[in-house]
Amino acid sequence: MSNLDRQAAVTVCGGRGFVVAEPVRELLSPRRVRLGESTEVRRLLPNLGRRMVGAWAFVDHYGPDDIADEPGMQVPPHPHMGLQTVSWLHEGEVLHRDSLGSLRTVRPRELGLMTSGRAISHSEESPRDHARLLHGAQLWVALPDAHRQVAPHFQHHTDLPVVTAPGLAATVILGTLDGAVSPGTVYTPITGADLSLTGGGEARLPLEPDFEYAVLSMSGEAEVDGVPVLPGSMLYLGCGRTELPLRAVSDAGLMLLGGEPFEEEIVMFWNWIGRSQEEIEQAREDWTNGTRFGEVKGYDGPPLPAPELPATRLKPRGRMR
Ligand code: MN
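A quick note: this is a predicted structure, and the numbers were derived from the prediction, not measured.

Structural notes on the overall build of the protein chain
And then number 1: Looking only at helices and strands, the protein chain features one helix and 26 strands.
And then number 2: Computed over its C-alpha atoms, the radius of gyration of the protein chain comes to 19 Å, within 12% of the 20 Å expected for a compact globule of 321 residues.
And then number 3: Along the first, second and third principal axes, the C-alpha atoms of the protein chain reach 55 × 50 × 30 Å.
And then number 4: In the protein chain, buried positions account for 58% of the 321 residues.
And then number 5: Sequence separation of at least 24 residues holds for 75% of the intrachain contacts in the protein chain that already meet a minimum separation of 6.
And then number 6: On the protein chain, roughly 13200 Å² of surface is accessible, and the fraction owed to carbon and sulfur atoms is 48%.

Spelled out as structure tokens, the structure:
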């Protein structure tokens, strides 16, 4: 999925000033955003109170939605740069097409990982014949300066490592968790994991004290470090933890997101991550002119036009919010 906001804002984030060095419990509420005609998502990042968690720069949670009699997800071709997109499903399926010619159906608990590098475009849609329910998360990982010009590529991993403990199965989506490593290519020290908890169970998850973390709830009733986190909300946990206590009141599905704090200041606009307003303006010009981002073949409909840039110039930000 993507950012389809017609009134897109320029967001500056990254930098140590945003990171909480010690363990905290900061509950983040979602912002409801309409995507296209039928889909509404809950946006957790960027959030008014928090822009990034490690290199994780964008988190949308959607569904479960009954799309039996609807087209479901229909996101026309649009461009990306400077980031990786992560598609993660609990229900349903998403057909991915991109300007490299990839054509893949991503299913529940499979990793769809698209590395935009300097430029790519893609579309995402529910296939014509689809499951009744659609439930998932769309996430972006910011690429560090040293790697943000890499050649674009798409990876589809159907067999991910699973770390188990009584009452817990943790699928490693990206990076490392408890010594298990995802096959997805990463460019910063990072963790993304799907936590499946059995109702009534308790578990302690080993963490890296140098990472900052957050937990997104996708389903069920669970407590994260003693805090009830309802589906569609996210608990920011800060840094300095060696483990995380989890308790499931009912069967619950969570996502653990973490990573080394992202030191570089980034500029986000629409579906792009850059380092300056000039880079964003250039990307907008290139997409509008049909250059650089390639062409997605096979999607039934025109590509998305880029929104106007706000009239106010991007102002440099201090380290504190
Ligand atoms: Mn996208």
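Side note on the packing of aromatic side chains
And then number 1: A complete count under the given rule lists five aromatic pairs for this structure.
And then number 2: Measuring from centroid to centroid gives 5.2 Å for W270 and W272, while their planes differ by 80 degrees, and the two rings are edge-to-face. You'll find W270 and W272 in the same group, each marked buried.
And then number 3: Measuring from ring centre to ring centre gives 6.1 Å for W287 and F293, while their planes differ by 80 degrees; the resulting arrangement is edge-to-face. For the pair W287 and F293, one class covers both residues: buried.

Some details on helix α1 (residues 277-289)
And then number 1: A rise of 1.5 Å per residue sets the reference length of α1, with its 13 residues, at 18 Å; its end C-alpha atoms lie 18 Å apart and thus fit the reference within 8%.
And then number 2: Turning to α1, its buried residues are Q277, I280, A283, R284, D286 and W287.
And then number 3: Against β6 (74-80), β11 (120-125), β25 (266-269) and β26 (272-274) lie the buried residues of α1.
And then number 4: Looking one or two places after α1, you find G290, whose phi comes out positive at around 75 degrees.

Points about the UniProt feature "domain: Pirin N-terminal" (unreviewed entry) in the protein chain
And then number 1: As recorded in UniProt, the sites labelled "domain: Pirin N-terminal" (unreviewed entry) are residues 41-141.
And then number 2: In residues 41-141, helix accounts for 0% and strand for 60%; the two terminal C-alpha atoms are 18 Å from one another.

Here's the deal with the coordination of the manganese ion
And then number 1: Around the manganese ion, the protein contributes the donor atoms H78 (NE2), H80 (NE2) and H122 (NE2), which lie 2.2 Å from the metal centre.
And then number 2: Between consecutive donor residues of the manganese ion, the sequence gaps follow H-x1-H-x41-H. Of the two residues, H78 sits in strand β6 while H122 sits in strand β11, which places them 44 residues apart along the sequence.
And then number 3: On the basis of relative accessible area, H78 is assigned to the buried category, the value being 0%.

Describing the nonpolar core
And then number 1: Ranked by internal contacts, the top residues of the largest apolar core, which has 39 residues, are W56, V86 and M255.
And then number 2: Apart from the residues within four sequence positions on either side, V86 is in contact with W56, L111, G112, L113, A137, Q138, L139, V141, I173 and L174.
And then number 3: Membership of the second largest hydrophobic core comes to 27 residues, among which are A180, A193, L205 and A248.

Examining the sheet that holds β11
And then number 1: Taken in spatial order, the four strands line up as β6-β11-β8-β9 in an open sheet, and their pairing is antiparallel. Of all strands in the sheet, those bounded by a partner on one side alone are β6 and β9 (103-106). Sheet twist, expressed as the mean angle between neighbouring strand axes with direction ignored, is 20 degrees.
And then number 2: Note: β6 against β11, five bridges, orientation antiparallel.

The rules behind each value
Residues numbered from 1 in each chain as written. Predicted model: local features only at pLDDT ≥ 70, side-chain atom pairs only at ≥ 80, totals over all residues. Heavy atoms only, no water. Helix = DSSP H or I, 4+ residues; strand = E, 2+ residues; numbered from the N terminus. Rg over C-alpha atoms; globule rule 2.2 N^0.38 Å. Buried < 20%, exposed > 50% of the residue type's maximum accessible area, 1.4 Å probe, protein only. Contact = heavy atoms within 4.5 Å. Areas by Shrake-Rupley, 256 points an atom, 1.4 Å probe, with all protein chains shown as cover. Phe/Tyr/Trp six-rings, centres within 6.5 Å; stacked < 30°, edge-to-face > 60°. Expected span 1.5 Å × (residues − 1). UniProt positions renumbered as here; feature names shortened; annotations may be inferred. Donors = N, O, S within 2.8 Å, 3.2 Å for Na, K, Ca; no water. Core = buried A, V, L, I, M, F, W, Y, C linked by side-chain atoms within 4.5 Å. Pairing = 2+ DSSP bridges. Axes fitted to C-alpha atoms, helices over the stretch in contact; angles between N-to-C directions.

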